[in-house]
Each structure stands twice: as C-alpha cells, then as structure tokens.
Amino acid sequence: MASSTPKIYVAVVGVGLVGSEFINQLLAIPSSSSPFHLISLTSTTRTVFNHTHPISSSSWKSELSNSADRPDLPKLTQQLSALVSPTQKVALIDNTSSEDVAALYPTWLNAGISVITPNKKAFSGDISLYEAIVAAASKTGGGRFLNEATVGAGLPIISTLKDLVATGDKVVKIEGVFSGTMSYIFNEYSTGKPDGPAFSSVVKIAREKGYTEPHPADDLNGADVARKLTILSRVISATSPRLQSFASVETTSLIPPALENIATGDEFIARLPEFDDHFQKMRAAASSDGQVLRFVGVVDVASGQVRAGLERYPTTHPFATSLGGSDNIIMFHTERYGTRPLIVQGAGAGAAVTAMGVLGDLLKLT
C-alpha cells in the first residue's frame, strides 16, 4: 500500500450469511495491498470496537462471540465520527435488512462516514429518507452512499444505470426478472409447454432449496421486485416517475386472496395446491400462444408507469431462453441502446455474489 493511500476504517453491522461472507472476502485481501482496517463488528446481540488493533480473519468470530458489549449504534456513531479526517476514511457496511439501521444513514453521511449496503429499505422506502440520504451525501465533507448490491446482488445493474444517466443517455424503459426466487419458480413452471409440474410443487421445492423466504408469501407478493424498481427509478432521477415509496409501484401479487393472511409458511404450502388449477390455466393459455410466464418488473419512463407482475413473453425472448436457476436478467432500453437493448444477466441471489457486490462498492472508496 502506498504511503499516500488514505487509511479506510471499516465497521460492519450485520454478520449473518452475507455479513460473514463479506468479512471473509474483505480479510482475504492481502494486507500488503489493502488500505482497509476492520475495526468494528455488530451482531444482533454483541458488538466489538477496536481501532488500534484491526480485527483479523482468524479472530473475528471469537472476538465478537467473546465480547460483553451490547449493540449501541449511537455510541458506534460517535466512535466512528471521531476517526473521520482528511487522511482517514470511515465506511459503515450495513448487511442487515433493518429499517432502524437504514434510518441512521443520513446521520452517518453527515458525519463523513460512507455507507455501503445491500439493504433495500432506505433506498426504496419513504422518499423523505431517500432525499435526506442524497442531501447528506452531496454536502461538502459528507460520506458517500453505495448500494450496488440492493439490486441484482453482485451484478453491475445500478452502476451500469448510473453510467448511462451520467453520460447523457436517455433511459426509455428498464425491464427484467429481478427476483431470483421468482426466476427459479417460473423457469421451472413455465417452459413453453402446456403442462408440467404443479405450481404448488415448484414453490414447495423452491422453499426446500432455500430460494424462498421461510414464508413464500413474502416472495410471491412481489414486494421485493417493487423495492428494486423503486431504487432504479430513483437512480434515473428527473426523467423517471417519482415514487413516494415502493408501495407506489403497481404490483400484482401472486398470493391467492384466500391465502393472504395465512400465518405460517408451512400452512401456506399445505394450502397452495388448492389453487394449482388457476396457475395451470395461465400456463396453458400462454403455451397456446407460444409464450412463457415470467414475473417481471418494468420502469417505463415514457408512460410514467412502474409495475411488477406476471407477464407473457415469446419462447424466443431472452427472458425465456437465457435464464437458468435463480438468474436475474435486466434489459436497458435507451436512446443509444435502441435497436438492441443492453442486457445484464447472471446470478442475482446468494451470499457470495451479494458480498462481492458490497466489497466492490467498498473498493470504490480507495
């Protein structure tokens, strides 16, 4: 590391699947070339902070588990703020899905602490929080916010969109399969043939493989896709529809009305077969027209519409031919990419690729 390279202190909040993978990837960077110093870890029950002796790859789990200190984000804010200087940068990595943590982003940014996260809550929630984040990051001495992993895990979706906008291209429409869960379900369920496995059995298998949330309704309601569309719409900024929150997205849920208030995932899976005929009729109708079913998200700048729901595509369309497993695929229709849209495709879920997206953002601070 060159002597002129600023030291970057790193604090991690959230050490679950993505958080643990991120820590391992960060600490795998050779110390001789790394400006990063991991000084703080915070789980749901414990925290550790030590800026004089950075945490190592061999000790981080034991240091955290042996700590007697309980999480205290206001205290952590003070500790990190004190480290910000012209020769030292501070980055807070939020690997949680907490709205409470997300609400602190403006405070951290105003203190000069950069925020990097896969947490979608702040960037897809109430627009007042989003605007406070942008304002704090825009002020002199404010930290940067980087959130590539909020859409498509490690795929370069947000960075690609930012580059298109920054270079003056005009976004006409963005459409894609944004949910790894929905991608898997409909890649298996709708192949262009009129029949196949029952919808309920595909959802059940997806849950067993860990592709869905413990309660599959949390995926089938489309809210995750709506959040991602809101994030992208806000990146497009002035030319995109202004969304007050992800709840403003026109979202078509796949949850049968009779199952809306089912309390547990097990009961939901047990009752879903009652509605297999409904989904079978949609599959057969699509097949008869040479089409497949895909759960997609669309930001249509021209019409001002942002929507998420089940749509039909020809069996020759990339959404039918290019997807496998839990892949994401996003098409950018712009003035420059008019005849043939720009396509980003690949694994859109998983701890390793999500952590990679977070680490990629952290590297942008160097």
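Everything below is about the structure printed above this text.
This report concerns the structure included in the present document. (Residues numbered from 1 in each chain as written. Predicted model: local features only at pLDDT ≥ 70, side-chain atom pairs only at ≥ 80, totals over all residues. Heavy atoms only, no water.)

Right, let's talk about the packing of helix H9 (residues 180–189) against helix H10 (residues 199–208) for a bit. Where H9 contacts H10, the axes come no closer than 10 Å and their chain directions differ by 140 degrees. Classified by the angle between their axes, H9 and H10 sit oblique to one another. Taken as a pair, H9 and H10 cross one another with a handedness that is right-handed. Residues Tyr 184, Ile 185, Phe 186, Glu 188 and Tyr 189 of H9 lie in contact with H10, whose contacting residues are Phe 199, Val 202, Val 203, Ile 205 and Ala 206. (Axes fitted to C-alpha atoms, helices over the stretch in contact; angles between N-to-C directions. Helix = DSSP H or I, 4+ residues; strand = E, 2+ residues; numbered from the N terminus. Parallel < 35°, antiparallel > 145°, perpendicular 65-115°, else oblique. Left-handed = near helix turned anticlockwise from the far one by under 90°. Contact = heavy atoms within 4.5 Å.)

With that settled, consider the side chain of Ser 326. Note on placement: Ser 326 falls in the loop between helix H15 (318–321) and strand E11 (327–334). Look at Ser 326 and you get buried, because its relative accessible area is 14%. Apart from the residues lying within four places of it in its own chain, the contact partners of Ser 326 are Gly 180, Ser 183, Tyr 184, Tyr 211 and Gly 348. (Buried < 20%, exposed > 50% of the residue type's maximum accessible area, 1.4 Å probe, protein only.)

Its identity is not glycine, yet Ala 153 carries a phi of approximately 55 degrees, on the positive side. Looking at the element boundaries, Ala 153 is found in the loop between strand E6 (145–146) and helix H8 (158–166). Its relative accessible area of 3% is what places Ala 153 among the buried residues.

Another point: the layout of surface pockets. Empty space within the largest pocket amounts to approximately 1,200 Å³. Elements supplying a minimum of two residues to the lining of the largest pocket: helix H1 (17–27), H9, helix H11 (217–220), helix H12 (223–236) and helix H16 (351–363). No other element matches the five residues that H12 contributes to the lining of the largest pocket. The calculated volume of the second largest pocket comes to roughly 240 Å³. Forming the boundary of the second largest pocket are 13 residues, of which Tyr 130, Val 134, Ala 137, Phe 145 and Lys 162 lie nearest the centre. Those elements giving two or more residues to the lining of the second largest pocket turn out to be helix H7 (127–138) and H12. Its residues placed into classes, the lining of the second largest pocket shows seven nonpolar, four polar and two charged. (1 Å grid on protein atoms, 1.4 Å probe; cavity = no way out; pocket = protein on both sides within 12 Å on 5 of 7 lines; lining within 4 Å. Points joined across faces, edges and corners; volume = space filled by probe spheres on them. Nonpolar A, V, L, I, M, F, W, Y, C, P; charged D, E, K, R; others polar.)

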